[in-house]
Amino acid sequence: MKKKLCFVLDQFLYGGIERVAINYLNGIDKDKYDIDVVILSDIEDMVNKIPKECNVIKLNIPRYHNPLSRASTMVRRKAGAILYYGTYILKKIFIYPLDYIRTSNLRKKTYDVAIAFSGHLNDCYVVLDCMKAKKKLVLAHGMIYQYLLMSPAFEKMYSKFDKIVSINHIDQNDIFYCKPYLKYNIVNLYNPTLKINKTNSIDDVKKYNKYILSVARLEHPKDFITLVDAYNLLDEKIKKEYKLLIVGDGPDRDKISKHIEKLKLSEKVYFLGAKDNVDVYYQNADLFVLSTKAEGLGMVIIEAMGNGCPVISTDAPYGPRDILGSNEYGILCPVSDPKFMAKSIEEMLSNNKLRKEYIEKGLARYKDFELSTIMQQFYEVIGDKNGK
């Protein structure tokens with residue numbers, strides 16, 4: 001008999017978490033597992049990428065529906081406890097019954113494993129309060145202490161999961177030094193990547209000739225302003241030879257566009273929006289640069305290396321260093337330091353020997369994240385050592 005898995009995500013936009021989910025869903029042995037994918041909002045940009053063998057369940061349960069979602073008001077505002085417990089009671093009276101009805105069909109099912117894949121308040125809430133499963137897991141896409149600082153709600157919810165799956169291999173047990181009463185079962189599991197598809201250059205790529213590439217959602221933590229400033233500081237000969245292409249979309253697009261116009265770089269820096277065929281952009285790029293301020297792991301770094309593209313990234317907490325080591329597999333820059341980044345870009349583009357070394361090392365490092373390797377570890381994490 002097939003085992004039943006459920007992946008719960010709060011949305012399905014063009015983002016890193018969703019792309020990782022797609023990789024897992026493609027990698028799981030469909031002959032051994034029935035898979036439900038529960039999406040808790042109407043943001044469904046990548047739903048068409050979910051394998052057809054998976055059953056997609058769409059609900060509308062925002063993050064604020066979690067009765068614990070206002071727990072942070074206890075420490076951030078005067079009379080916070082009154083505000084928190086007031087909203088908690090109101091949600092239990094008015095919102096929880098509605099969610100109970102919305103999730104009535106979901107409550108009838110029993111899973112072997114249910115996973116709060118986004119690791120946000122609402123998917124944790126649904127997995128813990130609205131589902132029956134032999135095992136319940138949650139993914140931590142950043143450092144666990146960061147979630148605990150973000151909201152006291154996570155501290156309470158994490159204690160109810162059978163396992164917390166950290167997507168990097170950094171030791172996270174330091175939280176127990178500060179909070180020894182916590183009884184979390186933390187396991188480490190890198191995100192998997194799909195097999196790289198070698199493609200021929202397409203017309204959309206050819207027209208840019210030589211270029212520096214960045215791939216990320218256009219939002220504040222990704223700090224594209226620093227990347228644009230670094231590009232602006234490059235030697236004029238390099239700017240004349242290399243364009244900057246940005247793949248991704250998000251709420252900061254207008255802000256970044258205005259900054260590009262201010263620096264008079266509109267004919268050098270191009271927004272390409274979200275792309276399904278990102279591999280072709282990696283494969284034809286001369287360099288990949290990530291300017292993020294924080295990164296749980298950094299799938300785009302792994303994808304770039306797997307496509308034979310050398311990498312420069314900010315030394316953001318904590319994923320980039322976990323992947324690149326101490327400049328072993330790519331160059332690390334201080335966060336929000338455009339001068340250092342510009343210098344690193346110039347060094348990489350002007351030294352072919354260095355570029356080739358990083359390309360070779362990156363391809364070797366990429367093997368640690370290949371789908372077949374991670375899937376075997378995934379089966380062990382969910383308690384199936386005889387997985388595919």
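Rules and cut-offs
- Residues numbered from 1 in each chain as written.
- Predicted model: local features only at pLDDT ≥ 70, side-chain atom pairs only at ≥ 80, totals over all residues.
- Heavy atoms only, no water.
- Core = buried A, V, L, I, M, F, W, Y, C linked by side-chain atoms within 4.5 Å.
- Buried < 20%, exposed > 50% of the residue type's maximum accessible area, 1.4 Å probe, protein only.
- Contact = heavy atoms within 4.5 Å.
- Salt bridge = Lys/Arg side-chain N within 4 Å of Asp/Glu carboxyl O.
- Helix = DSSP H or I, 4+ residues; strand = E, 2+ residues; numbered from the N terminus.
- Pairing = 2+ DSSP bridges.
- Axes fitted to C-alpha atoms, helices over the stretch in contact; angles between N-to-C directions.

A. Spatial organisation of the nonpolar core. Core analysis: the largest hydrophobic core is formed by 96 residues, its most contacted members being F7, F12, F117, L213, F288 and F378. Setting aside residues no more than four positions away along its own chain, F288 makes contact with L213, S214, V215, Y282, V300, I301, A304, C309, P310, V311 and I312. Among the nonpolar cores identified, the runner-up in size contains 36 residues, and V38, L59, L128 and I175 belong to it.

B. The pattern of salt bridges, seen in detail. On inspection of all chains with the given rule, the structure shows 16 salt bridges. Between K179 and E155 there is a salt bridge; the shortest N-O distance is 2.7 Å. Note that K179 is positioned in the loop between helix 8 (175-178) and strand 7 (186-188) and E155 in helix 7 (residues 152-158), a separation of 24 residues in sequence. Note on K179: relative accessible area 27%, which makes it partly exposed. Residue R253 pairs with D249 through a salt bridge whose shortest N-O separation is 3.9 Å.

C. Structural context of the sheet that holds strand 2 (residues 33-39). Strand order in the open sheet formed by seven strands is 3-2-1-4-5-6-7, and the pairing between neighbours is parallel. Every interior strand has two partners, whereas the edge strands, strand 3 (55-58) and strand 7, have only one. Neighbour to neighbour, the strand axes of the sheet diverge by 25° on average, direction disregarded. Packing of helix 1 (residues 16-27) onto the sheet brings it into contact with strand 1 (3-9) and strand 2, and relative to strand 1 it is tilted by some 170°.

Any functional reading would require information that these geometric values do not contain.
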